[in-house]
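# Descriptive structure summary
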Amino acid sequence: MIPFINQLPKHEEIIWLAALNQRLPNEHVVAFSEIKPVEKKQVKLAIVANPKPELLAEFENLTWVHSVWAGVEHLMKSLTDSPIEVVRLIDPMLSSAMSEAVLAWSLYLHRDMPRYAKQQKDKHWLQHALIPASERRIGILGLGELGQACAKQLKINGFKVMGWSRTAKNITNVSCYSGESGLVEMAAKSDILVCLLPLTPATKWIVNKDLLAKLPQGSAIINFARGGIINTDDLLDALSSGHINHAVLDVFEHEPLNADSALWQHPDITILPHISAPTNLNSACDIVAQNIISFRETGQVPKAVSKVNGY
Ligand code: NAP
């Protein structure tokens, strides 16, 4: 018996359970509410979607959980001192959705769409010089599953691509940076800065007034990772001063974004409701099922998230 512990609306939970059970005919994946207290002791593995930590704690023999989401910062926070291993979703469909989103919104910024939208409101006919993609420098914070896929997509579309990661990387046609000095060096050359870092104690508010000041005058930011990566007050200051031209934000420290947030009405911010790369139910279930089948065959827990690094 494998519990599916989640905070999804009931109708979505039913769809997930059906899709998981269809792919795992030798297992019985059930809703948390259906597990009797005596059965909880036997549970060693759970499938999770942003589970409440107190529900996980009811399974005293749980050894690992498979998340159906890619971002697992809440889980990592609640399980730091626990022996329970966390396996997160790594899905090519997700990487492909994210690279499409990063390309779409990079083109939006690259082709000055916010500026022309403002001009249209004022019935203002004014042409600006076109900068070729080959001269547009895009810096990506995070060169993991998503960051590397996005770098590749941007490169295919002719942009000058850079990336920054914790450990040094060597990626064809991408200028790679690491470490604090690498961050500053890359920021200083980024006309568009794309955030694809996991949220950890080391990345919380990493985009702050100091880093924003390092970006070129008139640069833009895309945050498709987690709201906590950017210090919003610092971003608002940088937008007001004109140092940063525009920000595309898909993620926020509190979601949904409060109706009274100043971000909604800001003329230089594009707000998206966390849609850049939604989990695809079918491919996610295929991957989770495959990982569980291979665990049953080999006894090996799939590669887990590092408790030391928090991602
Ligand atoms: P990942 O494969 O774990 O990659 C993380 C990257 O960030 C790696 O390159 C890592 O460096 C780098 N990194 C981590 N901590 C760092 C630090 N302190 N300094 C410098 N670099 C650091 O993660 P991913 O799958 O690409 O996903 C990234 C994030 O995207 C997720 O954590 C999630 O929050 C977010 N996400 C958002 C959506 C959405 O719809 N908006 C959807 C899915 C995921 P190394 O390579 O050296 O380890």
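Residues numbered from 1 in each chain as written. Predicted model: local features only at pLDDT ≥ 70, side-chain atom pairs only at ≥ 80, totals over all residues. Heavy atoms only, no water.

Another aspect to go through is the domain arrangement of the protein chain. Structurally, the protein chain comprises domain 1 (2-91 + 279-298) and domain 2 (94-271). For domain 1 versus domain 2, the separation of C-alpha centres amounts to 33 Å. Facing the 7 residues of domain 1 at the interface are 5 residues of domain 2. Area buried by domain 1 at its contact with domain 2 is led by Glu73, Ile90 and Asp91, which between them contribute 65% of it. (Domains from an automatic or database assignment. Contact = heavy atoms within 4.5 Å. Buried area = accessible area lost by both parts, 1.4 Å probe.)

Bringing the environment of Ser175 into the picture now. As for its placement among the helices and strands, Ser175 is situated in strand 8 (residues 175-178). Along the chain, Ser175 and Asp191 lie 16 residues apart, while their C-alpha atoms are 14 Å from each other. Not counting the four nearest positions on each side in its chain, Ser175 is found in contact with Val161, Met162 and Gly163. (Helix = DSSP H or I, 4+ residues; strand = E, 2+ residues; numbered from the N terminus.)

Attention now goes to the nonpolar core. Core analysis: the biggest nonpolar cluster contains 31 residues, and Leu141, Val207 and Leu235 have the highest contact counts within it. For this core, the leading source of residues is helix 10 (residues 232-240), giving 4 residues. Among the nonpolar cores identified, the runner-up in size contains 25 residues, and Leu109, Ala151, Val161 and Val174 belong to it. (Core = buried A, V, L, I, M, F, W, Y, C linked by side-chain atoms within 4.5 Å. Buried < 20%, exposed > 50% of the residue type's maximum accessible area, 1.4 Å probe, protein only.)

This part covers the pairing of strand 3 (residues 45-49). Along strand 3, 5 of the 5 residues are buried, which leaves the element largely enclosed by surrounding structure. Of the two faces of strand 3, the one holding Leu45, Ile47 and Ala49 and the one holding Ala46 and Val48 are both buried throughout. Here 3 bridges tie strand 1 (residues 2-6) to strand 3, and the two strands are oriented parallel to one another. Within strand 3, the residue paired with Phe4 across the bridge is Ile47. Pairing between strand 3 and strand 4 (residues 64-67): 4 bridges, direction parallel. The residue of strand 4 that forms the bridge with Ile47 is His66. (Pairing = 2+ DSSP bridges.)

Moving on, we come to helix 10. Every buried residue of helix 10 is accounted for by Asp234, Leu235, Leu236, Ala238 and Leu239. Looking at the buried side of helix 10, the elements it contacts are helix 9 (209-214), strand 10 (219-223), strand 11 (244-249) and strand 12 (269-271). Phi for Gly242, located one or two positions after helix 10, is positive at around 85°.

Let us look at the sheet that holds strand 10. Sheet strands pair by backbone hydrogen bonding; their relative direction is either parallel or antiparallel. Overall, parallel pairing links the 7 strands, which are arranged 8-7-6-9-10-11-12 in an open sheet. Each edge of the open sheet is held by one strand with a lone partner, namely strand 8 and strand 12. Here the average twist between neighbouring strands, direction ignored, is 15°. Relative to strand 12, strand 11 runs parallel, the two being bridged by 3 bridges. Counted as the bridge partner of Ala247 is Ile269 from strand 12. Across the sheet, helix 7 (residues 145-156) is in contact with strand 6 (137-141) and strand 7 (160-165); its angle to strand 6 comes to roughly 170°. (Axes fitted to C-alpha atoms, helices over the stretch in contact; angles between N-to-C directions.)

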